[in-house]
Amino acid sequence: MAAARQRPARDRTICEILHFTGCRPSELIEITPARVELSGGTLAIRSLKKRKDRAGEAKVVFRTVPVPPDCLDTLNTAHGIREAQKSPKRAGEPIWPITRVHVWRIVKGVMIEAGIPDAPQRTVKGLRHGYGINAVVKGIPLHMLQKWLGHAQLSTTTIYADAVGKEEQDIASRMWG
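This is a predicted model, so every value here is computed, not measured. (Residues numbered from 1 in each chain as written. Predicted model: local features only at pLDDT ≥ 70, side-chain atom pairs only at ≥ 80, totals over all residues. Heavy atoms only, no water.)

A.B. asks: Pulling in residues and values, what's your account of the overall build of the protein chain?
C.D. replies: Counting secondary structure elements, the protein chain contains 10 helices and three strands. Counted from the first residue to the last, the protein chain has its helices and strands arranged as α-α-β-β-β-α-α-α-α-α-α-α-α. By the compact-globule yardstick of 16 Å for 177 residues, the protein chain fits well, its C-alpha radius of gyration being 17 Å. Its C-alpha atoms put the protein chain at 50 × 45 × 30 Å along the principal axes. The burial tally for the protein chain puts 40% of its 177 residues in the buried class. Within the protein chain, residue pairs in contact and separated by at least 24 positions form 57% of the contacts whose partners lie at least 6 positions apart. Counting only carbon and sulfur atoms, one obtains 54% of the accessible surface of the protein chain, whose full area is about 10,100 Å². Here the protein chain carries 28 positive and 17 negative side-chain charges, and the mean point of each set is 4 Å from the other. (Helix = DSSP H or I, 4+ residues; strand = E, 2+ residues; numbered from the N terminus. Rg over C-alpha atoms; globule rule 2.2 N^0.38 Å. Buried < 20%, exposed > 50% of the residue type's maximum accessible area, 1.4 Å probe, protein only. Contact = heavy atoms within 4.5 Å. Areas by Shrake-Rupley, 256 points an atom, 1.4 Å probe, with all protein chains shown as cover. Lys, Arg positive; Asp, Glu negative; His and termini not counted. Charge placed at Lys NZ, Arg CZ, Asp CG, Glu CD.)

See below:
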């Protein structure tokens with residue numbers, strides 16, 4: 001995050017929202033000012049993996065994810081969220097009018113600048129996975145993490161509870177007091 005804070009506002013806010021929500025790049029680029037709840041401290045993120053109901057009909061599903069106040073303040077300052085929400089046209093336009101590939105390139109560049117070694121975690125998906133692991137280590141109930149990540153099945157979320165190494169020690173230390 002320190003490397004992201006050295007970047008222009010657009011890149012910084014992209015990295016912060018991915019970090020603090022665990023959303024996918026395709027979900028990030030659909031976020032509009034209308035989906036930002038500044039006073040409530042949340043973002044409404046459209047779950048793009050849930051595109052059809054059991055009958056095969058198209059459906060739209062949103063999940064509400066809490067975001068730290070400082071992150072929302074930066075988002076508002078950098079992108080004029082409160083002002084955009086006053087205009088129906090601007091409120092419905094994406095905050096970041098870029099492609100998911102562009103998001104991937106921005107995040108990859110920030111991670112390289114941060115000195116993160118070339119490994120599977122140096123990706124946007126690595127940020128999502130880190131969000132899940134951090135939530136488990138911090139004691140967030142799996143059903144809440146499932147809701148925030150937009151998983152249809154709890155079994156998908158439990159992957160993050162299968163921690164090893166330092167994460168496993170951190171989880172165990174909570175039990176020891």
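A.B. asks: Just give me the short version of the pattern of salt bridges, but keep the residues and values in it.
C.D. replies: Applying the stated criterion across every chain, the model contains 11 salt bridges. One salt bridge connects Arg10 with Asp11, and the closest N-O pair in it is separated by 2.9 Å. A residue is classified by how much of its surface remains accessible, and Arg10, at 33% relative accessible area, is partly exposed. Judged by its relative accessible area of 6%, Asp11 is buried. Residue Arg63 is joined to Glu27 by a salt bridge in which the shortest nitrogen-to-oxygen separation is 2.8 Å. (Salt bridge = Lys/Arg side-chain N within 4 Å of Asp/Glu carboxyl O.)

A.B. asks: Which residues make up the packing of helix H1 (residues 9–21) against helix H3 (residues 69–79), and what are the values?
C.D. replies: Direction vectors running N to C along H1 and H3 enclose 150°, while the axes themselves pass 10 Å from each other. Relative to H3, H1 is oriented roughly antiparallel. Two packed elements cross with a definite hand, and for H1 against H3 that hand is left-handed. Taken together, the residues of H3 that come into contact with H1 (itself represented by Ala9, Arg10, Arg12, Thr13, Glu16, Ile17 and Phe20) are Cys71, Thr74, Leu75, Ala78 and His79. (Axes fitted to C-alpha atoms, helices over the stretch in contact; angles between N-to-C directions. Parallel < 35°, antiparallel > 145°, perpendicular 65-115°, else oblique. Left-handed = near helix turned anticlockwise from the far one by under 90°.)

A.B. asks: How would you summarise the sheet that holds strand E1 (residues 36–37) if you had to cite specific residues and measurements?
C.D. replies: Strand order in the open sheet made by the three strands is E1-E2-E3, with antiparallel pairing throughout. With one partner strand each, in any of the chains shown, E1 and strand E3 (62–66) form the two edges of the open sheet. Bridging between E1 and strand E2 (residues 42–46) involves two bridges; their strand directions are antiparallel. From the neighbouring strand, Glu37 faces E2, where its bridge partner is Thr42. (Pairing = 2+ DSSP bridges.)

A.B. asks: Which residues make up the state of the cysteines, and what are the values?
C.D. replies: For the structure shown, the criterion picks out zero disulfides. Counting only cysteine sulfurs, Cys71 is the nearest neighbor of Cys15, a cysteine outside any disulfide, at a range of 11 Å. Cysteine Cys71 shares no disulfide, and the gap to the nearest cysteine sulfur, in Cys23, comes to 10 Å. Relative accessible area serves as the criterion here: at 4%, Cys71 is assigned to the buried category. (Disulfide = S-S within 2.5 Å.)

A.B. asks: Which residues make up H3, and what values do they have?
C.D. replies: For H3, the set of buried residues is Cys71, Leu72, Thr74, Leu75 and Asn76. Those residues of H3 that are buried are in contact with H1, E1, E2 and helix H4 (81–84). Two residues or fewer after H3 comes Gly80, characterised by a positive phi angle close to 60°.

A.B. asks: Could you give an account of the layout of surface pockets, naming the residues involved and the relevant values?
C.D. replies: Considered as a void within the structure, the largest pocket measures approximately 460 Å³ in volume. Lining the largest pocket are 18 residues, and of these Arg24, Pro25, Lys49, Lys125 and Arg128 sit closest to its centre. For the lining of the largest pocket, the elements supplying multiple residues, two or more each, are helix H2 (25–28), helix H6 (100–113) and helix H7 (124–137). Per-element accounting of the lining of the largest pocket gives the leading share, four residues, to H7. If you add up the space inside the second largest pocket, you get close to 290 Å³. (1 Å grid on protein atoms, 1.4 Å probe; cavity = no way out; pocket = protein on both sides within 12 Å on 5 of 7 lines; lining within 4 Å. Points joined across faces, edges and corners; volume = space filled by probe spheres on them.)

A.B. asks: Outline the packing of H1 against H6, supporting the account with residue identities and numerical values.
C.D. replies: In contact at an axis separation of 10 Å, H1 and H6 are set at 90° when each is read in the N-to-C sense. For the element pair H1 / H6, the angle class is roughly perpendicular. Facing H1, whose interface residues are Arg10, Asp11, Ile14, Cys15 and Leu18, H6 presents His102, Val103, Ile106, Val107 and Val110.

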